[in-house]
Amino acid sequence: MIDRDAITAELAEIEALLADNRLKDEDRFALFGAAQALSNILEPDTWDPASQTFYRLGHRPLEVASKRQH
């Protein structure tokens, strides 16, 4: 089990990374999702549920084809 201090330290590191304006949007979204998930662990009653979409750093989400070819 990870303790609160470790989660808080990780959140601080993520916040520092998010402050870098050179960060690509895909990476920013991934880091924001990670911060949201960690924050939800610390304070589950005060945060909106985490997104069901997860991103890896440097990767765009895969688009599911909504149209079928006939």
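Details of the structure are given in the entry above.
Now for a description of the structure that goes with this document. This one's a predicted model, so the numbers in the text were calculated from it and none came from an experiment.

1. Side note on the overall build of the chain
In step 1: For the chain, the count of helices and strands is 2 helices and 0 strands.
In step 2: Here the chain, with 70 residues, has 20% of them falling under the buried criterion.
In step 3: Taking the intrachain contacts of the chain between residues at least 6 apart in sequence as the baseline, contacts between residues at least 24 apart amount to 51%.

2. Examining the packing of helix H1 (residues 4-18) against helix H2 (residues 25-42)
In step 1: With their axes 10 Å apart at the nearest point, H1 and H2 run at an angle of 155° to one another. In terms of their interaxial angle, H1 and H2 are classed as roughly antiparallel. Helix-helix and strand crossings are classified by hand; for H1 and H2 the assignment is left-handed. Contact residues: Arg4, Ile7, Thr8, Glu10, Leu11, Ile14, Glu15, Leu17 and Leu18 in H1; Arg28, Leu31, Phe32, Ala34, Ala35, Leu38, Ser39, Ile41 and Leu42 in H2.

3. Here's the deal with the pattern of salt bridges
In step 1: Summed over all chains, the structure comprises 2 salt bridges.
In step 2: One salt bridge connects Arg4 with Glu43, and the closest N-O pair in it is separated by 3.2 Å. Highlighted residues: Arg4 in helix H1 and Glu43 in the segment after H2, separated in sequence by 39 residues.
In step 3: Measuring nitrogen to oxygen at the nearest pair gives 3.0 Å for the salt bridge that ties Arg22 to Asp20.
In step 4: The exposure class assigned to Arg22 is exposed, which follows from its relative accessible area of 69%.
In step 5: The class for Asp20 is partly exposed, based on a relative accessible area of 26%.

4. Some remarks on H1
In step 1: In a regular helix each residue adds 1.5 Å, so 15 residues correspond to 21 Å; H1 covers 21 Å between its end C-alpha atoms and thus fits that length.
In step 2: Looking at H1, one finds that the buried residues are Ile7, Leu11, Ile14 and Leu18. Viewed along the axis of H1, the buried residues span an arc of 60°, placing them on a single side of the element. Exposed side of H1, more than 90 degrees from the buried face: Asp5 and Ala16 are the residues found there.

5. Looking at H2
In step 1: The terminal C-alpha atoms of H2, which comprises 18 residues, lie 26 Å apart, in line with the 26 Å expected from a rise of 1.5 Å per residue.
In step 2: All buried positions along H2 are accounted for by Glu26, Asp27, Ala30, Leu31, Ala35, Gln36, Leu38, Ser39 and Leu42.
In step 3: Here the buried face of H2 lies against H1.

The rules behind each value
- Residues numbered from 1 in each chain as written.
- Predicted model: local features only at pLDDT ≥ 70, side-chain atom pairs only at ≥ 80, totals over all residues.
- Heavy atoms only, no water.
- Helix = DSSP H or I, 4+ residues; strand = E, 2+ residues; numbered from the N terminus.
- Buried < 20%, exposed > 50% of the residue type's maximum accessible area, 1.4 Å probe, protein only.
- Contact = heavy atoms within 4.5 Å.
- Axes fitted to C-alpha atoms, helices over the stretch in contact; angles between N-to-C directions.
- Parallel < 35°, antiparallel > 145°, perpendicular 65-115°, else oblique.
- Left-handed = near helix turned anticlockwise from the far one by under 90°.
- Salt bridge = Lys/Arg side-chain N within 4 Å of Asp/Glu carboxyl O.
- Expected span 1.5 Å × (residues − 1).
- Arc of directions from axis to C-beta.

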